[in-house]
Number of protein chains: 2
Amino acid sequence: MRTVTTDTITQAFIDYIGAETDERVRFVVTKLVEHIHDFARETNLTHDEWRKGLELLYAAGEISTPERNEFVLFSDVLGLSSIVDMINSPDTGTPSSVLGPFHVLGAPDLPVGGDMKRDNDGDLIVVGGTVTSTDGKPIEGAVLEIWQTADNGLYSGQDEDQPEYNLRARMTTGADGRYLFSTVRPAPYTVPEDGPVGELLRATGRHPWRPSHLHFIAVAEGYRQLVTEVFPSDDQYLDEDAVFGVREKLVMDYEERTRTDDLPDDLEIKDRIDGPYYKVDFDFVLAPLEA
Amino acid sequence: MRTVTTDTITQAFIDYIGAETDERVRFVVTKLVEHIHDFARETNLTHDEWRKGLELLYAAGEISTPERNEFVLFSDVLGLSSIVDMINSPDTGTPSSVLGPFHVLGAPDLPVGGDMKRDNDGDLIVVGGTVTSTDGKPIEGAVLEIWQTADNGLYSGQDEDQPEYNLRARMTTGADGRYLFSTVRPAPYTVPEDGPVGELLRATGRHPWRPSHLHFIAVAEGYRQLVTEVFPSDDQYLDEDAVFGVREKLVMDYEERTRTDDLPDDLEIKDRIDGPYYKVDFDFVLAPLEA
């Protein structure tokens, strides 16, 4: 197309796409460009604003490493990561939430009822429940990957003072589908704000805080993998998570307990815990894979 | 907002924007996020597609340098650079076109009628016309920055075999608003395709070619700066410029001449040229600055 104008350029782009192009690629790229062009037209985007956007992307490239990906962080604080999670979450079962950048492979196995708190300072919490199918049947052999911050809001891997795999574990359910562990109460923390994402947050009057949360990945044969987070109902940032990860069904009370009556009799956790603690009940419901 | 869903997340983002935020920033960022969210919702974007997009951005960061900015190149091949140019171009006067990454400051002065071809191989062309205001009056003291590729499709700065400032010049008009210079016919060339932009072009069945062109920046006191390009009407890539720079009014015939009758009598160019050449007539019309 020769006579490109603001009105015809979008069709010109579409016409450029080759006949042999994968249909899904054609669809996604076309939609992307339609939205980019509409954005520019609807805002009458100036050269200065265009340059500013390109500068933020260039700065994101400069600050990114395999361990700290500023493009993922942009996706997080703009809500894109969360929307993609929700779009791809099954309608049934426990809602998914954002994976975040702090998951690592290789965390040690912890038996049901085991302790992940160890020497960590902070409030003791006991987290437990069941892993079931959407029909209510317990799932045996479901594997939970668990990770969280220490009391200072940092993950092992971010914090030189924490041992490797601190507050990270892998737990496999038995025939009853039950999981249970003691740990420390995680803390709210800020997403990194020393790069262009921080600049965007400041320019739009936003804080970088996330409510405290426990991360989980639940995997079981025959079921869709679930990546999710569990939040305490009294966290001050619950209604303003910087990365839009909170879902109503993922918010749980941290119930204060002074007695251990409701800890299961058949596990050593009952003998181990003798002081006050907070109880967090959360059940995972996994959606079966489509046949 | 606590109960974030695919339907409510866009409003949640908007509600996060601080009350003190600059109104233009609020408007542009809101529009950006509305389009990003709509894009994800309308495509049911998968995690794999989301990851692929983030990988392309990360790769763009890795390959970018101050001299080779892959984000600008993405903007170019997606048509964003061109649409921003057109949005910000005045309705009157010569249309603008993309600046591109190859302009450098400091090109030597060349008098009206001077030669920029020097020792460059290739077809001789003579480019000339007037710089006038939209009311038709010649503009005295208008400065044209001129740059172009050599016959091999490379700019000086890209090509070690070319001297510094080869095929780059700065020409100032006299009272008649006239400009004129001899040079070599520029060649079509490809945008860099060794990075993620190349991957996108291949995935969508697109070639990386630009039609050959002469670059100009026209500056005159009291007028809007004009950044533009002039294309030959017989270029094979005219209808499929990889960066959407072609405008109908910027396409000119390269007219073959065997006689020098229509070269001006008052300039030494008439004595200098004795063989066949191509004549390119192009007039610049500058829009006055708003009062």
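Residues numbered from 1 in each chain as written. Chains lettered and ligands numbered in written order. Predicted model: local features only at pLDDT ≥ 70, side-chain atom pairs only at ≥ 80, totals over all residues. Heavy atoms only, no water.

J.: Could you clarify how one ought to interpret the interface of chain B and chain A in this entry?
T.: Where interface size is given, it is often the accessible area lost as the parts come together that is meant. Taken residue by residue, the interface counts 75 residues in chain B and 75 residues in chain A. With both sides pooled, the region where chain B packs onto chain A buries about 6,800 Å², and carbon together with sulfur makes up 67% of that total. The tally of links from chain B across to chain A stands at 4 salt bridges. Residue Glu-42 of chain B is joined to Lys-31 of chain A by a salt bridge in which the shortest nitrogen-to-oxygen separation is 3.3 Å. Linking chain B to chain A there are 23 residue pairs in polar contact (both at pLDDT 80 or more). Mapped onto the side of chain B that touches chain A, the elements with two or more residues apiece are helix H1 (9-16), helix H2 (23-43), helix H3 (47-63), helix H4 (70-77), helix H5 (80-87) and helix H6 (196-203) of chain B. (Contact = heavy atoms within 4.5 Å. Buried area = accessible area lost by both parts, 1.4 Å probe. Salt bridge = Lys/Arg side-chain N within 4 Å of Asp/Glu carboxyl O. Polar contact = N/O pair within 3.5 Å; in protein donor to acceptor, adjacent residues only side chain to side chain. Helix = DSSP H or I, 4+ residues; strand = E, 2+ residues; numbered from the N terminus.)

J.: Explain the UniProt feature "domain: Intradiol ring-cleavage dioxygenases" (unreviewed entry) in chain A to me, please; I cannot follow it from the model alone.
T.: The UniProt entry lists residues 127-155 of chain A under the feature "domain: Intradiol ring-cleavage dioxygenases" (unreviewed entry), expressed in the numbering used here. A helix fraction of 0% and a strand fraction of 45% characterise residues 127-155 of chain A, whose end C-alpha atoms lie 18 Å from each other. (UniProt positions renumbered as here; feature names shortened; annotations may be inferred.)

J.: I tried to follow the relation of the copies chain B and chain A on my own but got confused; where do I start?
T.: Note: a rotation about an axis with an accompanying shift along it relates these two copies of the chain. Expressed as a screw operation, the relation of chain B to chain A combines 0.0 Å of axial shift with a rotation of 180 degrees, fitting to an RMSD of 0.1 Å. Accordingly, the operation relating the two chain copies is best matched by a two-fold axis. Distance from the rotation axis, computed per C-alpha, reaches its smallest value in chain B at Gly-61 of chain B: 1.9 Å. A shared binding surface is used by both copies, with 100% of the interface residues of chain B retained as interface residues in chain A. (Least-squares fit on C-alpha atoms with pLDDT ≥ 70 in both.)

J.: Got a minute to help me understand the sheet that holds strand S4 (residues 168-172) of chain A in this structure?
T.: Sheet strands associate in pairs through backbone hydrogen bonding, adopting either a parallel or an antiparallel arrangement. All names here are of chain A. Read across the sheet, 5 strands follow the order S4-S3-S8-S9-S10 without closing on themselves; strand pairing throughout is mixed. Every interior strand has two partners, whereas the edge strands, S4 and strand S10 (251-252), have only one. Direction of pairing for strand S3 (residues 143-148) relative to strand S8 (residues 214-219): antiparallel, over a ladder of 6 bridges. Residue Glu-145 lies in a different strand from S8, and its bridge partner there is Ile-217. (Pairing = 2+ DSSP bridges.)

J.: Explanation requested: the environment of Asp-7 of chain B in the structure shown.
T.: All names here are of chain B. If you trace the backbone, Asp-7 turns up in the segment before H1. On the accessibility criterion, Asp-7 (66% relative accessible area) is exposed. As for Asp-7 and Arg-41, which are separated by 34 residues in sequence, their C-alpha atoms are 9.3 Å apart. (Buried < 20%, exposed > 50% of the residue type's maximum accessible area, 1.4 Å probe, protein only.)

J.: Please clarify how a negative patch on the surface should be interpreted in this entry.
T.: All names here are of chain A. On the surface, a cluster of negative charge is contributed by Asp-119, Asp-121, Asp-123, Asp-151 and Glu-256. Tracing the backbone shows Asp-151 in the loop between S3 and S4. Asp-151 sits in the partly exposed class, given a relative accessible area of 43%. (Patch = residues over 30% accessible without salt bridge, like charges linked within 9 Å, V, L, I, M, F, W, Y side chains within 5 Å. Areas by Shrake-Rupley, 256 points an atom, 1.4 Å probe, with all protein chains shown as cover. Lys, Arg positive; Asp, Glu negative; His and termini not counted. Charge placed at Lys NZ, Arg CZ, Asp CG, Glu CD.)

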